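Observations on the three-dimensional arrangement
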Amino acid sequence: MHFGKPTKNQLKSTVKGGIIYVSNFGRCFERQGIKMKKYFKNFNNEIKNDLYLYLGSFVEKDYVHFCVWAPNALAVDVVGDFNGWKTGINPLEKIDGGVWCGKFGGIKEFDNYKYAVTNNDGRIVFKSDPFARHFETAPGNSSKIYAEHSFKWSDDEWFKRQIENSVYSSPVNIYEVHLGSWRRYENGKFFDYVKLAVELSVYVKSMGYTHVELMPIMEHPYEGSWGYQVTGYFAPTSRYGTPEDFKKFVNIMHKNGIGVILDWVPAHFPKDEFGLYRFDGTPCYEYADPRKGEHKEWGTAVFDYGKPEVMSFLVSNACFWLKEYHVDGLRVDAVASMLYLDYGRQSGEWICNSFGGHENLEAVELLKQINTAAFKINPNALIIAEESTAWPLVTKPSQDGGLGFNFKWNMGWMNDMLRYISLDPLFRKYNHNCLTFSFFYAFSENYVLPISHDEVVYGKFSMINKMPGEYEAKFSNLRAFYAYMMAHPGKKLLFMGQEFAQFNEWNYQSSLDWMLLDYDSHRKMQQFVSDLNKFYLKNKPLWQVDHSWEGFNWISNDDDAQSIIAFRRIDQKGNELICVCNFVPVDRKEYRIGVPKKGYYTPVFSSDSVIYGGSGMINDKGYKSEAVCMHGYENSVALDIPSLSVTYYKITSRTTKKNNHK
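Residues numbered from 1 in each chain as written. Predicted model: local features only at pLDDT ≥ 70, side-chain atom pairs only at ≥ 80, totals over all residues. Heavy atoms only, no water.

A closer look at the sheet that holds strand β25 (residues 407-409)
We apply this condition: At least two DSSP bridges between two strands are needed for those strands to be called paired. A run of H or I in DSSP becomes a helix once it reaches four residues, and a run of E becomes a strand once it reaches two; helices and strands are each numbered from the N terminus. Note on definitions: angles span 0 to 180 degrees between N-to-C directions of axes, and those axes are lines fitted to C-alpha atoms, for helices only across the stretch in contact. Here, two residues are considered to be in contact whenever any of their heavy atoms come within 4.5 Å of each other.
Judged by pairing direction, the barrel is parallel, and its 8 strands sit side by side in the order β15-β16-β19-β23-β24-β25-β26-β27 before closing back on the first. If you compare each strand with its neighbour and ignore which way they point, the axes differ by 25 degrees on average. Bridge count between strand β16 (residues 211-214) and strand β19 (residues 259-264): 4 bridges; the pairing is parallel. From the neighbouring strand, Glu213 faces β19, where its bridge partner is Ile261. Of the strands in this sheet, β16 and β19 are in contact with helix α5 (residues 243-255), which crosses β19 at around 135 degrees.

Right, dumping it as structure tokens:
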């Protein structure tokens with residue numbers, strides 16, 4: 001595709017190698033029917049959520065329009081494949097708000113380009129376009145001309161179903177994925193977005209998950225950052241295809257009933273010379289004061305959350321992914337690093353706010369703005385904070401003093417439970433509070449329970465290798481942990497590979513160890529997770545009332561000597577499941593727990609089932625309640641509880657003849 005020929009009225013033209021380079025210096029073009037000078041008149045004083053429609057490169061008829069914010073630059077030229085990467089041929093004109101604009105012909109789609117920014121010291125630095133929709137594939141870092149094609153979405157039914165069902169009272173079970181290492185071709189090359197979508201959607205649906213959460217797919221130069229050092233905030237990485245290909249990915253996932261959540265990084269950005277860092281030769285996107293503007297331990301720069309232009313950049317970016325790519329949510333990375341001025345800084349390395357505190361009030365305001373704008377686009381979106389402290393009201397509306405997220409990762413639960421489950425069972429009785437403490441605050445926020453990529457790298461071991469004991473005991477421990485997690489209040493997240501008990505830590509440079517499914521124990525673990533996920537989907541007590549005490553009730557939480565807990569999960573109509581957990585390798589015969597009603601207590605799912613590699617000790621016919629007071633209830637049942645197991649029970653009026661477990 002070739003965009004246009006110059007006209008006689010254009011102010012400057014140069015012919016080289018048969019290609020005509022045209023500068024339209026002096027004319028201010030329009031976008032969306034709005035003159036650019038008018039749009040940017042108050043750019044330094046107001047927050048915009050559609051900035052991506054006006055900054056960047058845009059193919060319109062015979063020309064490509066360029067527009068970039070560089071307030072302190074002396075000059076800005078567009079350089080690229082179309083002009084031999086030489087300055088002075090395609091200069092931009094500075095208009096209001098520190099924005100530079102121009103339009104040129106003689107440019108082909110997919111041409112590489114950058115902005116040649118002349119700093120106030122006269123030095124010229126080639127910068128990639130902060131708003132580019134497409135990039136050269138790493139290790140290249142040029143922006144690419146990309147014509148927005150009219151994409152035909154076919155996910156209306158998906159969004160209709162989302163509107164009809166509140167996310168709070170719906171099942172949410174997330175499969176976290178790194179696209180580059182989920183599967184690869186045998187020669188080590190990446191799958192493209194479309195092949196990933198076809199295979200991933202089938203797999204995730206067959207496993208009973210509701211959503212995928214993609215580790216950052218925004219363009220990033222360094223593979224080893226896993227996507228968390230972003231240089232192209234408005235571009236899906238070209239490692240797996242074009243922007244249109246990523247739209248196909250989302251569309252295919254939606255058509256198969258799977259939501260798409262993106263990991264998003266507004267907390268910091270890398271210092272690559274071609275990127276955002278000192279974009280116009282001065283601290284432009286980042287704080288000028290290094291006590292606020294750097295994360296030294298990460299080697300990255302911190303966005304200046306006090307600048308309206310930067311706030312507009314980030315708010316618009318959140319809206320961009322929700323609106324233009326139809327994604328269902330954002331998991332906001334490293335929120336704690338945004339909220340605290342002293343995060344990762346020693347005494348003397350940070351400055352307090354205007355009230356003398358360590359809270360970054362500008363970041364607080366930004367997060368409120370992002371969440372407000374996001375929910376206007378999709379009221380049922382999942383906007384999830386990865387916030388590792390006890391900051392109050394993270395998931396409460398901004399008008400009520402909250403940050404405005406609707407979910408937060410429960411990092412406290414994750415840390416406590418991974419410590420607990422990693423212990424030799426002999427010592428678990430001395431750490432019983434790790435098992436029960438999370439219930440004290442389980443309803444203070446709307447939580448997601450995460451077992452993420454961060455927990456299975458860098459010497460932390462894979463989930464199966466965290467488990468104590470010999471080979472079979474490791475699998476029993478892991479099944480019990482997963483079943484307990486599924487019954488605990490909160491939405492769920494599990495990182496890829498842990499569903500079939502990959503022994504190796506995750507390695508971003510290679511595919512998951514799918515060959516493990518040739519082994520019986522790993523096949524059974526995968527089947528267990530699939531069946532557990534599907535049981536979760538079908539049973540409202542496990543998810544319909546996740547956010548209040550109305551959906552949860554303790555039966556027994558204090559038997560630390562035997563490491564057993566029992567609790568009830570209840571749906572909106574009063575239907576319930578009883579969950580009984582035994583975290584030691586000792587069978588308990590006729591273990592009595594109080595129960596709320598008379599009847600038979602029939603096991604409906606157990607991690608100890610033979611089909612998953614368990615002993616099959618569970619009595620499938622059920623246990624009849626007796627008029628024996630226990631745990632504050634007038635009735636109780638005496639259960640046979642297998643070692644290292646979690647079992648769910650339903651209340652029935654009589655025994656069942658169906659055998660689900662042996």
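Brief notes about helix α9 (residues 361-377)
Because an α-helix packs 3.6 residues into every turn, residues spaced three or four apart end up facing the same way. Counted only if it meets this: Between the first and last residue of a helix there are one fewer steps than residues, each counted as 1.5 Å, and that sum is the expected span. Buried, partly exposed and exposed residues are distinguished by accessible area as a fraction of the type maximum, computed with a 1.4 Å probe on protein chains only: under 20%, between the cut-offs, and over 50%, respectively. Any pair of nitrogen or oxygen atoms within 3.5 Å is treated as a polar contact; in protein, a donor-acceptor pairing is required on top of that, and neighbouring residues in sequence qualify only through side-chain atoms on both sides.
Taking 1.5 Å per residue as the helical rise, α9 with its 17 residues ought to reach 24 Å, and the 25 Å between its terminal C-alpha atoms agrees with that figure. Of the positions making up α9, those classed as buried are Ala363, Val364, Leu366, Leu367, Ile370, Asn371, Ala373 and Ala374. Buried positions along α9 lie against β19, α7 (308-324), α8 (335-339) and β24 (382-385). Capping of α9 at its N-terminal end is provided by Asn360; its side-chain oxygen lies 3.1 Å from the backbone amide nitrogen of Glu362.

What about the side chain of Ser201?
Inspection of the secondary structure assignment puts Ser201 in helix α4 (residues 193-207). On the basis of relative accessibility, which here comes to 1%, the residue Ser201 falls in the buried class. Non-local contacts of Ser201, meaning those with residues more than four positions away in its chain, are made with Leu196, Ile252, Met253, Asn256 and Ile258.

Quick look at a nonpolar patch on the surface
As a reminder, the rule being used: For patches, a residue must show more than 30% relative accessible area and have no salt bridge; joins then use 9 Å for like charges and 5 Å for nonpolar side chains, namely Val, Leu, Ile, Met, Phe, Trp and Tyr. For the area figures, the Shrake-Rupley method with a 1.4 Å probe applies, and any residue is considered shielded solely by the protein chains shown. The working definition used for a salt bridge is a side-chain nitrogen of Lys or Arg within 4 Å of a carboxyl oxygen of Asp or Glu.
A surface patch of nonpolar side chains, about 370 Å² in accessible area, is lined by Leu426, Phe427 and Tyr430. You can see Phe427 is positioned in the loop between α10 (411-422) and α11 (432-436).

Focus: helix α14 (residues 520-538)
Helix length check: α14, at 19 residues, gives a terminal C-alpha distance of 27 Å against a target of 27 Å (1.5 Å per residue), a fit within 8%. Taken together, the buried positions of α14 are His522, Met525, Gln526, Phe528, Val529, Ser530, Leu532, Asn533, Phe535 and Tyr536.

Details of the pattern of salt bridges
Between side chains of opposite charge, a pair can form as their charged atoms come close. Per the stated rule, a full pass over the model turns up 22 salt bridges. Where Asp111 meets Lys108, a salt bridge forms, and the shortest distance between an N and an O atom there is 3.5 Å. Relative accessible area serves as the criterion here: at 4%, Asp111 is assigned to the buried category. Given a relative accessible area of 32%, Lys108 falls into the partly exposed group. Where Asp289 meets Arg291, a salt bridge forms, and the shortest distance between an N and an O atom there is 2.8 Å. Because the salt bridges share partners, they merge into one network encompassing Asp263, Arg331, Asp333 and Glu386.

Digging into unusual backbone geometry
Note the cis peptide between Ala138 and Pro139, where omega equals 15 degrees. Inspection of the secondary structure puts Pro139 in the loop between β13 (124-127) and β14 (143-144). The backbone phi angle of Trp85 is positive, close to 60 degrees, even though this residue is not glycine. Checked against the element boundaries, Trp85 lands in the loop between β8 (75-80) and β9 (93-94). Positive phi is not limited to glycine here, since Ala501 has a value of about 60 degrees. Tracing the sequence through the fold places Ala501 in the loop between β27 (491-495) and α14. Its relative accessible area of 0% is what places Ala501 among the buried residues.

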